[in-house]
Amino acid sequence: MTDHSDPALVNGDDDNLGDLRVAGEPLLDLLNGFIGELREAGLPVSLTENLDAMAAIRHIPMEDREAFKYALAATLVKNNAHWRSFETVFEVYFSLRGSKYGLDDDSLEQDLADLLDDDERDGAGDEGSGQSGQGGGDGLTPEELQQLLYQAMMKGNESLMKAIARQAVKRFAGMEPGRPVGGTYYLYRTLRNLDLEGLLEKMMEQRREQAEADGHELSKLEERLEQDEYEHRIDALKKEIEAEIRRRLVADRGIEAMAKTLRKPLPEDVDFMHASREEMVGLRKALIPLTRRLAVRLARKRRHNRRGPLDFRRTVRASLSYGGVPAEPKFRHPRPHKPEIFVIADISGSVAAFARFTLMLVYAISGQFSKVRAFVFIDGIDEVTSYFEGVEDVTEAVHRVNTEADVVWVDGHSDYGHAFEVFHNKWGKDIGPKTTVIILGDARNNYHASQSWVVKEMQHRARHVYWLNPEPKSYWDTGDSIVGDYAAYTDGAYECRNLRQLEKFVEKLA
Amino acid sequence: MTEYRFESVPEVRDGLRKVDYLSDEGIAGIVYLADRLKKPILVEGPAGTGKTQLAKSVAEMIGARLIRLQCYEGLDEAKALYEWNYKKQLLRIQAQRGNDSWDEVEEDLFSDEFLLERPLLEAIRATEPVVLLIDEVDRVEVETEALLLEILSDYQVSIPELGTIEAKQIPLVFLTSNNTRELSEALKRRCLFLHIDYPDMEREKEIILTKVPDITENLADQVARIVRSLRQLELKKSPSVSETLDWANTLMLLGVEQVDAEVASSTANILLKYQSDIAKAVREFAADKQGMKAFAPGPK
Ligand SMILES: Nc1ncnc2c1ncn2[C@@H]1O[C@H](COP(=O)(O)OP(=O)(O)OP(=O)(O)O)[C@@H](O)[C@H]1O
Ligand SMILES: [Mg+2]
């Protein structure tokens, strides 16, 4: 059982936190600095939570790094979607704090040397492990290091893998103090030297040979599982390399600068148009709870609005049976019924992701509307309402929209004018006084005719017409964007670049 | 002055293992912290990842009685906190026929004798150690959450007729949520937050070895690996730990020693619930791995 009785850290309840120090630094300051960085990253931290975190770190010493991290997270982060941001700040902020995590090249050498000795002892008989007695990493040629890495990965020897990762960064990243390049550059240089793809192949090859020697061939399933395992190990190695680079960068540039460089938007702030694949996954995950929240809020709003204004005449009439006392107030009919929604979405190239999220969101809360119809266009336009009918999974319907809808007329370059004209001819008269029309797109029209009269016509017939544009407002009406032409005939054109803005708009709708 | 239940985080971890719950650094650390800070834990995460089981196992570990409040839509004060036993009160009124003054009767009517304890009150008034589990709290309406706030922060309950009842001992409290609804800030502020995700391969293998009688190390390893690979696919619903266990049990029943593509495919319906997911898995079992993750270095 580990004991946590480091006198500098563990204290009875009556001790004052202000006296606690880590490596000479008051713990309290450390924590406040950390929380400051979290707030900078956009994480909401309330005062109570701040106090809880202070209480928490009296009980879990920083040396117990993982537990310390979880303790802080448990008190400070109450939304799992914010975990990644928290972790990034944590890694930067505490990367050099705590003895084991210092940046000490001598100890690095010693670590590797020790591990090699250990490995030698229990791995006796392995081919190619002739590096003993060379006293650590610096003595190794690049080929030897590569060979060592291969062996560590094959065996899944985690501590050796970590030591090699650090050695590789020291050797290959070419980091120099004060050099103004980003972490990705160093990562690139390190990985280039390690050739991980080749490594994976070599590992798989070795595994196949081994199986053959045992007298059987790996089945497809076995191959697959082995590959997943090796990829998992390689992923871990990559993470370790990134961590080492980060540690060195923090040492060179300081915490604040690094925290700022690494700051990533929270999922709800990620820009639809420029989301990386990884961010897309995060976005999709964040969308589900968001729709649930929104549906609940809207339903509640509707409940509260059920009463219309006081109907004076009926109230007076009713009061007659109470001897003139207006004991039973009567109200006018509740607010108009749920709106009917028409979504008309540009699904070409760069705005496709935005259209996808909006459609998913609208359909996920379609219970809030009396009816939803969806149309998608590029230069041709198609109705896709039926794709969404009776499906359990909106994602799948959206996928069908993107693959099956008939949206190309001439060349598959956006032509809002033509798409709108066709819309007008085919469906224009379906728009009525209960309809709210939402048009999605950047209005980059490739210099075609705008046909903005169609939107004017819509506005005439509909209850509301809104335009949502996934581009930053400062880009509107520049180049071939003609959003202003259309916006003139809407009840509002909104910038809608991330989930936060989208949620806000949709809430307004219902 | 205060007695803590645990000396250290590893002690929690070992203790849980002894009652067949496989935790990790995060889970054990937060249980330890909850005891130290006297705060409830809000446990959130995908279905079947051991949220409910954690509360049960902690109770078992410390030899406490588990008091469970199962939440559902429409849960109210009378079911969560306390209720007056109207029938008994009526009988009391009838039985008394004008012997006592009304004041006396009234005092009597709202005494302990006529009080029906519900889980929250029961946990507060317990004299022996208890663990309170408020299960699936996201199912109650936001307004109902307010019922919980007093207990969660002050470990007390106010009953108009009886006054404030304080806890005799501070129970460990767990709330679980499947995140079908955003919980109120007020509730979240009062709790430590623990997100339990699917376990990593090693832990899942241990869970299998602990929970499936007589399973071999080799089979447990295969099951855990296949499940890990499945969770990397984009599925409508990833297999949960309970589904992993069901699957392992099925394989045992079938006398399977080695899982090949055929066995995996024919039993995939235990692991996956949607037809489209099963079809996808069957395809993956039999095919070369597509779109190998690129490890090629390069700026993103
Ligand atoms: N870490 C674990 N150690 C041991 N058993 C576990 C663990 N995690 C899950 N299990 C087992 O998995 C099953 C499902 O667990 P449990 O019912 O607690 O899930 P849950 O998270 O509460 O799910 P739900 O969200 O559906 O309520 C139980 O049989 C439990 O024993
Ligand atoms: Mg449960």
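Residues numbered from 1 in each chain as written. Chains lettered and ligands numbered in written order. Predicted model: local features only at pLDDT ≥ 70, side-chain atom pairs only at ≥ 80, totals over all residues. Heavy atoms only, no water.

## Let's talk about the site of ligand 1
Residue and element names in this part refer to chain B. Surveying the vicinity of ligand 1 reveals 18 residues, the closest of which are Leu22, Gly48, Thr52, Gln53 and Lys211. Contact distances for ligand 1 include 2.8 Å between an oxygen atom and a side-chain N or O atom of Lys51. Measuring from an oxygen atom of ligand 1, one finds a side-chain N or O atom of Thr52 at 2.7 Å. Residue composition of the shell around ligand 1, grouped by class: six nonpolar, seven polar and five charged. (Near = heavy atom within 4 Å. Polar contact = N/O pair within 3.5 Å; in protein donor to acceptor, adjacent residues only side chain to side chain. Nonpolar A, V, L, I, M, F, W, Y, C, P; charged D, E, K, R; others polar.)

## Some words on the pairing of strand 6 (residues 156-159) of chain B
In the case of a regular strand, side chains alternate between the two sheet surfaces. Residues and elements named next belong to chain B. Across four bridges, strand 6 lies against strand 7 (residues 163-166) in antiparallel orientation. Bridging from a neighbouring strand, Gln156 pairs with Glu166 of strand 7. Here strand 6 folds back onto strand 7, and the loop between the two strands holds three residues. (Pairing = 2+ DSSP bridges. Helix = DSSP H or I, 4+ residues; strand = E, 2+ residues; numbered from the N terminus.)

## Overview of helix 3 (residues 51-62) of chain B
Helix length check: helix 3 of chain B (twelve residues) gives 17 Å between terminal C-alpha atoms against 16 Å at 1.5 Å per residue, within 8%. Remark: B:Gly63 follows helix 3 of chain B within two positions and exhibits a positive phi of approximately 65 degrees. (Expected span 1.5 Å × (residues − 1).)

## Remarks on helix 17 (residues 416-427) of chain A
All names here are of chain A. Taking 1.5 Å of rise per residue, twelve residues should cover 16 Å, and helix 17 covers 16 Å from first to last C-alpha, within 8% of that figure. Every buried residue of helix 17 is listed here: Tyr416, Gly417, His418, Ala419, Phe420, Phe423 and Trp427. Residue Asp415 occupies the N-cap position of helix 17, its side-chain oxygen lying 3.2 Å from the main-chain nitrogen of Gly417. (Buried < 20%, exposed > 50% of the residue type's maximum accessible area, 1.4 Å probe, protein only.)

## Things to note about the confidence of the model for chain A
Residue and element names in this part refer to chain A. When the pLDDT values of chain A are averaged, the result is 79; 78% of them are 70 or greater. In this model, residues 1-15 is a region of pLDDT below 50 whose contacts with residues beyond four sequence positions or in other chains number 32 contacts. Predicted confidence for residues 123-135 stays below pLDDT 50, and this span has 16 contacts to residues more than four positions away or in other chains. (pLDDT = per-residue confidence, 0-100. Contact = heavy atoms within 4.5 Å.)

## Here's the deal with the confidence of the model for chain B
Mean pLDDT over chain B: 88, with 93% of residues reaching 70 or higher. The ipTM, which scores confidence in the relative placement of chains, is 0.86 for this predicted complex, and the corresponding pTM is 0.75.

## Let's talk about unusual backbone geometry
Its identity is not glycine, yet A:Asp477 carries a phi of approximately 60 degrees, on the positive side. By secondary structure assignment, the location of A:Asp477 is in the loop between strand 7 (464-469) and helix 19 (483-487). Of note, B:Tyr155 is a non-glycine position whose phi angle comes to about 50 degrees, a positive value. Relative to the helices and strands, B:Tyr155 resides in the loop between helix 8 (142-154) and strand 6. Residue classification places B:Tyr155 among the buried residues on the basis of a relative accessible area of 6%.

## So, the nonpolar core
One recurring pattern in soluble globular proteins is that nonpolar side chains are buried together. Ranked by size, the top nonpolar core spans 94 residues in total, and within it A:Phe34, A:Leu72, B:Leu54 and B:Phe174 carry the most contacts. In terms of residues, this core owes the most to one element, helix 2 (residues 25-37) of chain B, which gives eight residues. For A:Phe34, the contacting residues outside a window of four places in its chain are A:Leu72, A:Leu76, A:Phe86, A:Val89, A:Phe90, A:Tyr93 and A:Phe94. Counting residues in hydrophobic clusters, the runner-up holds 46 residues, among them A:Ala345, A:Ile365, A:Leu499 and A:Leu502. (Core = buried A, V, L, I, M, F, W, Y, C linked by side-chain atoms within 4.5 Å.)

## Looking at the packing of aromatic side chains
In total, this model carries 29 aromatic pairs over all chains according to the counting rule given. Pairing A:Phe90 with A:Phe94 gives two aromatic rings, centres 4.8 Å apart and planes at 40 degrees, and the pair type is tilted. On the criterion of helical spacing, the pair formed by A:Phe90 and A:Phe94 is a turn pair, its members being four residues apart in helix 4 (residues 83-94). A:Phe94 carries the same exposure label as A:Phe90, and that label is buried. Members of the aromatic cluster, joined through ring pairs, are A:Phe34, A:Phe68, A:Tyr70, A:Trp83, A:Phe86, A:Phe90, A:Tyr93 and A:Phe94. It is A:Lys202 that lies over the ring of A:Tyr150; its NZ or CZ is 4.1 Å from the centre. Between the NZ or CZ atom of B:Arg36 and the centre of the ring of B:Tyr4, over which it lies, the distance is 3.9 Å. (Phe/Tyr/Trp six-rings, centres within 6.5 Å; stacked < 30°, edge-to-face > 60°. Lys NZ or Arg CZ within 6 Å of the ring centre and 35° of its normal.)

## Concerning the sheet that holds strand 6 (residues 435-440) of chain A
All names here are of chain A. Reading across from one edge, 5-4-3-6-7-8 is the order of the six strands in this open sheet, with mixed pairing throughout. Two strands in the sheet have a free side with no partner beyond their single neighbour: strand 5 (381-383) and strand 8 (493-495). The average angle at which neighbouring strand axes cross in this sheet is 20 degrees, direction not considered. As paired strands, strand 4 (residues 371-377) and strand 5 are joined by three bridges and run antiparallel to one another. Counterpart to Phe375 in the pairing with strand 5 is Glu383. (Axes fitted to C-alpha atoms, helices over the stretch in contact; angles between N-to-C directions.)

## Observations regarding a negative patch on the surface
Taken together, the side chains of B:Asp103, B:Glu104, B:Glu106 and B:Glu107 define an acidic patch exposed on the protein surface. The residue B:Glu106 is located in helix 6 (residues 102-109) in this model. (Patch = residues over 30% accessible without salt bridge, like charges linked within 9 Å, V, L, I, M, F, W, Y side chains within 5 Å. Areas by Shrake-Rupley, 256 points an atom, 1.4 Å probe, with all protein chains shown as cover. Salt bridge = Lys/Arg side-chain N within 4 Å of Asp/Glu carboxyl O. Lys, Arg positive; Asp, Glu negative; His and termini not counted. Charge placed at Lys NZ, Arg CZ, Asp CG, Glu CD.)

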